Every structure is written in C-alpha cells, then in structure tokens.
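Listed here are the chains, written in short residue letters.
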Amino acid sequence: MISITLPDGSKRNVDSGTTALQVALSISEGLARNVLAAEVNGEVVDATRPLTQDSSLKLLTWSDEGGKSTLWHSSAHLMAESLEALYPGIKLAIGPPIENGFYYDIDFINYSFSQEDFPAVEKKMLELARSKNEYIRKEISKSEAIAYFTHKDDPYKLELINDLEDGSITFYTQGNFTDLCRGPHIPNTGFIKAAKLLNVAGAYWRGDEKNKMLTRVYAISFPKQSELDEYLVLLEEAKKRDHRKLGKELGLFHFSQKVGSGLPLWLPKGADLRSRLQSFLQTAQKKDGYLPVITPHIGSKELYETSGHWAKYGADSFRPIETPQEGEMYMLKPMNCPHHCEIFASEPRSYRDLPLRLSEFGTVYRYEQSGELHGLTRVRGFTQDDAHLFCTADQVKEEVGKVIDLVLYIFKILDFKDYLAQVSLRDTGNPSKYIGSDANWEKAEKAIQEVADEKGLKTVVELGEAAFYGPKLDFMVRDAIGRKWQLGTVQIDYNLPERFDLEYTGADNLKHRPVMIHRAPFGSLERFVAILIEHCAGQFPLWLTPEQVRILPVSEKFNEYAKSVSTELENYDIRALVDERNEKVGKKIREAELEKVPYMLVVGVEEQKNRTVSARKKGEGDQGVLSIGDFASRLNREVEEMLSR
RNA sequence: GCCGGUGUAGCUCAGCUGGCCAGAGCAGCUGAUUUGUAAUCAGCUGGUCGGGGGUUCGAAUCCCUCCACCGGCUCCA
C-alpha cells in the first residue's frame, strides 16, 4: 500500500501501481471523465501512469493549466496523425502546446498546404478522436528509437533523438501513429471534442534561420464544442479591437507607402491623444523631480562608438549619414541615453545633485527587418517616454521603487488591472553576451529583485533575458480580453557611466561613478497607444479622448447656437466639435456613436431659447436637458474622478 | 531578411475557368429637404485594377519581378 495525499490534504491508501485515473474513479465517475493528466509530486504526468510510492497527487482537468497543455499536446499528436493520413510521407519535426493551443512543424515535402485544406484535417482529427484511441507510453532504447525513425525516414526526429540520452527516451502511440515524446498525454483521443486549425506559417527548423524553413500549422482544441465556439467569439473580438483597424476608423494614424514602411503618420486626433498622454505623464514626472531635456534626432557616430551601441548594433542600424563637405558621420538616434550622458557630463556634478532625473520624449529610429513591422507596435521611428536617472549606488533601490510607483499609477488611471513584473537577469552560463563587472551585475540584480518584492509585485524571473548592460524589470499587462503585452521597463546600467566616464564629487571630496537607470513607463508612445486602443476597444477614457463632446444641431438653423455652445464648453476646457452637416439628428447620432464620442448634445429650438443642451451619453442614450454650465461641471467632475482614483 | 497569403475608387468589397466601355454600398461634391435621439431623397464626381516586364488578336484575370500589407519564424539597444 502507498499513501496518496490530495490537494485538500486528505490521504488515501491505495495499492502500489494504482493509476491517478483509478484514484479519480474512486472519488467520482464524473471526475474521472474529466481527468486529463495528473500532477504527482509537482510533476505533470499521464493520468494512466501507475503510482508506485507515497505521493502528493493533483488531478488535472481542463480548468488547470497542466490539463489544458496536456490536451493540446495530445491534440498536436492527433493533428500529426491526421496530416500523415492525408499527406503520406510528410516529415514531422516538433509539435508542442503553446499558450493558446498548439502547433506542429512539418516538412510537407512536395505537398502544398494552405488554409483551404484546414477543414479536411479538422474532420479527420475529429474522426480519429471519436475512436477513443489510447495514448500508450513506451520506454524505448536509443537504438530502437533510431531504428524506428530511420525506417520511417524522418530526419528531424532522428536529429532530436541524437541529442537525447539513452534510457530517457519515450514513445507515445495512439491509433496508427507513434511519436517521439516525453509526454504527458491525455488517456485517449476521445477527450478531444472540438478542433480548429488556425493558421499556417513558416518556421525555421530549430528556430535557426540557417536551417530549412518548415511549415508550422497552428491549431487549438477543446473538450467541448461550446468552448471552441467561445474561443472563436474571442478571436472575433480581438479582430474588432485591432488597433490598425480602429486607428483607421477613428482617424488616429496612417501609413503611407511613399513615406516609408514602419513610419507612422499621426493624424490630428491621434496626435491629440498622444500629446494628452504625454502631458499626463509629464505632470506625474514633474512631481517626482524629473527635469525635461531635449536632444537632436542624430548624433555623431563617435557618440555610439563610445556608448558601445555601434559595435553591438551598428551593422543592424540605418546606415550613417555623411556630411557632404567634411565627411563627418552621423547616426539617426537609436537611443536617447548617450545624449543624456553628455548632458550629465556637461558640468561638474556633486553628490548633492543626485539623483539627477533627465526626461525626454525622444524620437528614435531603428532599422527593423521588413517582415517585423506591425501596425504601431513595431515601427522604425518611434518616441520613447524616456528618462535616465543618475544616482549613487545607495539610491538605486529607492529610485527603482519610485519608478515602479509611477508605472503602477499609470496602470491604475488607464485601467490596466492585471499585470506582473518580469525580472530579467543574466544567463550566467554565457558571460560573453554581457559587458560590465560581475560585482556590479550582482549588485544590480539584487537591488531590482528586492524592490520588486518590497513593492509586493507579482514577479517572474527570466534568466538570460537581461540587456547586455544590465538587468531589467519589465511590466507585462493583460488587456481587457486577456492578451498579454509587454509595457514599461526599468533597466539598471553600470556600463554607460563607465563608458562615458561620468563622475560626481562625493561628500568625501572624491570622484565617484554614478549609476544610471533607464526607464520608460509606456515604452514607446506608438506601442502604448496601440495597446491602449486594443485594451479599451477604441473607447478612450473621457479625460483622454480627442473629442469629448459632439454637438448636434437639429437643423442648420441651429448651427450658430451650436457653435456658441462649443465656444462656451471650450472655456470649461472641454473638447467639443459641432456636426454642422445638413443631416438628420438620427444620422448624426449614429455616426457619433460609431466614432465612440462619449457625449452628444442635441440642440434645437427649445435649447436655443433657454441656452440649454439635450445631453446623450454614448451607449446609454438620452440624459435629459440641462444648462450648459451644469453639463460642463458634470463632465469635468467625471474627468476629475477618473484622474484622482 | 525568410516561408506562406493578400493587393480592384478615400473606406468595405464584387468581378478574377482571359473577351461588350471595370461594378456596388458608404464617403465626397451638387441640389432638394430644415429635420428631435443609431442611416432623408435625387443627381454627379472618382480607379492607367500596387509598380514594372512578359505571354496573347485581346490581361484586373495567366507567368516573371519589385513594393506594400497580413499570418508566422528569426531579431528587438
């Protein structure tokens, strides 16, 4: 007998060799029907694996991450089986579960595979799923494994096996399909009730662009058809929120082939939104003692040689600009920090000047590969809400803490409720990737982790994700429909002060090296606006939206009155436009609603006579008649409440 | 940059197994209407079918090439 501890702390004694599935069955048949995998002593394994020693056991279902990924992993095998049945001879590479579904990388040899082929594959998958084939695990020797895939003539699997230790190799078989796989898997294919292929894309074998490009087939599956339907609704919703679509519809920004790809043109409404975000942050930063600076869009190549960026990124940058007479070389500014270092160096600094916080909405230009460009989220020219904090080593923690507070304030005002901090540290096994001394790295890494803890941030640590000059703390947010985005960043840098030979005079009258902290709460305004658009589905908060109010005269006879209302609102700092077109109110309302204008004011003969407005709120309808002043104070109160929470 | 897909008026799209002058709705313009809480009516303008080259008696339609965009990969100071 062995003792099994369940998550609620209860213990059960069972015969050695009992499977998790049997334990589930002993609890309830309903549970057993839903068990996809088991977590035994913290490790996710097949629910059909025999338990041979005292263990803690958690039965994983669809509501557990481990359950989901197991179902998806098994679905990847099912898809591979289906594809192999439909396209005999294809070569399989790898097929893991991912955050939303799974994929399989496949060499389709001479077949062409496209979207039109999806339904047939889905049909085959469901057909095979219905036969409830068990996933059978088999431990196999390396030579047997090699023999199997040599016979099957699959070079990718052979390459994978080659890298595996003999004795640790397992195969999983379901129906007529056997795959090299560590597992775990669901008990049988019958758990997969719905499957949908999502898209195909190219992917290099083992992620290396020198290798052959394989076809990656993305798909998702569910234990219930209704779950798939819900997922498809979510995809539709994401499409509706796409900032590229909304940006066009709401007149925020535009891309012109003539201007160049990846170079956004901000239209009047977008520019208004953006500058409003900018002044919102500026106001907050002023309170935190930031000093605005302005630096040019180009800088001499030498500046970047000093910073080290030339050596690191020079080859992947826009080519330097040369002066016609003198032959001097200038770089389009890819970073603001070297310029800011020179501002620090512009005069002798005392420890009394520190921390010195230099901020700039600095526009930078970076060459991005053409295939990388994406709406406003990945562009070649963008404006960072940048700042560099020069401080003493002792001040690092406090400064990082203040930046965290600032970021959290922004999240609160802009209604990002779900976020976590990613702490990016060195990959200690690969020191050549980084510059700076070990001692400095350790100090910086410790400071960043400690502050994150003290601020009570939900944190994940990623090894090897640090910048080459120092550790980072990045904020990841989830938007209104659950997608993850990387936003603000804080980075500690012991390197640039060294390279620019920055120093200050300490209380001891000796020269000391300052520490530099890079930080950008939004990251870039372009990217942030894109994320904000998708987060709020184009319905910007009242304080931020370019057009707060649209005034709708009932007929052209009231255009003059409407304009006088707009002027009066302007005196209350309210942004209003008049729809002077010769159209009916119904149409004007419809369009204002579609353009997501928060308030509409209908004005006609009654309103003109009494100097009132008939207010309508977007999505809510008629709010009744009130005086212009009352409407203005109501709106301004709403704005104040938003900004003071 | 790489793989695959897409590219027709300002926008959304039809036409695309090659063959009458390339279409629709919305937007725009003109006129009528003077309008009360999600689309008033009529008329008109607008496209060298992404650019270039080729096949053909004939190309939006087939082929090549370049560009841009979309989905990924690689990259991201």
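Numbers given to residues run from 1 along each chain, matching the order in which its sequence is written. Whichever chain is written first becomes A and whichever ligand is written first becomes 1, with later ones labelled in order. Per-residue local features of the predicted model are confined to residues with pLDDT of at least 70, and side-chain atom pairs are confined, for both listing and counting, to 80 or more; whole-chain, interface and lining totals are unaffected and use all residues. Only hydrogens and water are removed before side-chain values are computed, so all heavy atoms of the structure are retained for them.

Bringing the environment of lysine 212 into the picture now. Along the polypeptide, lysine 212 turns up in the loop between β12 (194-204) and β13 (213-222). Considered as a pair, lysine 212 and aspartate 107 are 105 residues apart in the sequence and their alpha carbons are 9.0 Å apart. Polar contact is defined as a pair of N or O atoms within 3.5 Å, subject to the rule that within protein one atom must be able to donate a hydrogen and the other to accept it, and that residues adjacent in sequence are counted only when both atoms are side-chain atoms. For lysine 212, the side chain forms a polar contact with the side chain of aspartate 107, separated by 3.0 Å. The secondary structure listing takes helices from DSSP runs of H or I that are at least 4 residues long and strands from runs of E that are at least 2 residues long, numbered from the N terminus.

Our focus in this paragraph is the sheet that holds strand β2 (residues 11-14). For two strands to be treated as a pair, DSSP must find at least two bridges joining them. Sheet architecture is open: five strands sit in the order β2-β1-β5-β3-β4, paired in mixed fashion. If you trace the sheet from one side to the other, it starts and ends with β2 and β4 (43-45), each paired once. Neighbour-to-neighbour, the strand axes of the sheet open up by a mean angle of 35°, direction not taken into account. Across two bridges, the pairing between strand β1 (residues 2-5) and strand β5 (residues 55-60) is parallel. Bridge assignment links isoleucine 4 to a residue of β5, and that residue is serine 55. Axes here refer to lines fitted to C-alpha atoms; in helices the fit is confined to the stretch in contact. Angles between the N-to-C directions go from 0 to 180 degrees.

Below, the discussion takes up the confidence of the model for chain A. With 100% of its residues at a pLDDT of 70 or more, chain A has an overall mean of 93. Overall fold confidence for the complex sits at a pTM of 0.94, while the interface term, ipTM, reaches 0.94. Per-residue confidence from the predictor is reported as pLDDT, which spans 0 to 100.

So, about the protein's contact with RNA strand B. Throughout, near means a residue has at least one heavy atom within 4 Å of the molecule or strand. Taken together, 52 residues surround RNA strand B, and among them Met335, Ser370, Glu372, Asn582 and Ser614 come closest. When atoms of RNA strand B within 4 Å of the protein are split into backbone and base, the sugar-phosphate part holds 46%. Backbone polar atom of glycine 202 to a sugar or linking oxygen of RNA strand B: 3.1 Å apart, as the coordinates give it. Between RNA strand B and the protein, one listed contact pairs a phosphate oxygen with a side-chain N or O atom of lysine 587 at 2.8 Å. Going through the elements one at a time, β12, β13, α8 (243-249), α11 (309-313), α18 (585-594), α19 (605-610) and β33 (612-617) are the ones with two or more residues in the surface near RNA strand B.

To sort residues, take the accessible area from a 1.4 Å probe on protein chains only and compare it with the maximum for the residue type: under 20% means buried, over 50% means exposed, and anything in between is partly exposed. Listed in full, the buried residues belonging to α18 are Lys588, Ile589, Ala592 and Glu593. End-on view of α18: buried residues confined to an arc of 130°, all on one side of the axis. Facing away from the buried side of α18 by more than 90 degrees, the exposed set consists of Arg590 and Leu594. On its buried side, α18 packs onto β30 (549-553), β32 (599-603) and β33. Looking one or two residues beyond α18, the residue adopting positive phi is lysine 596, at roughly 60°. Throughout, the arc means the angular range of directions from the helix axis out to the C-beta atoms. In what follows, a contact means two residues having at least one pair of non-hydrogen atoms within 4.5 Å.

The next thing to look at is unusual backbone geometry. The linkage connecting glycine 183 with the following residue, proline 184, adopts the cis geometry, with an omega of -5°. Its location among the elements puts proline 184 in the loop between β11 (177-180) and β12. A cis geometry characterises the amide bond from leucine 354 onward to proline 355, with omega recorded as -5°. Following the sequence through the fold, proline 355 ends up in the loop between β20 (349-350) and β21 (356-365). Look at aspartate 415: it is not a glycine, yet its phi comes out positive at around 70°. Structurally, the position occupied by aspartate 415 is in the loop between α13 (396-413) and β23 (418-425).

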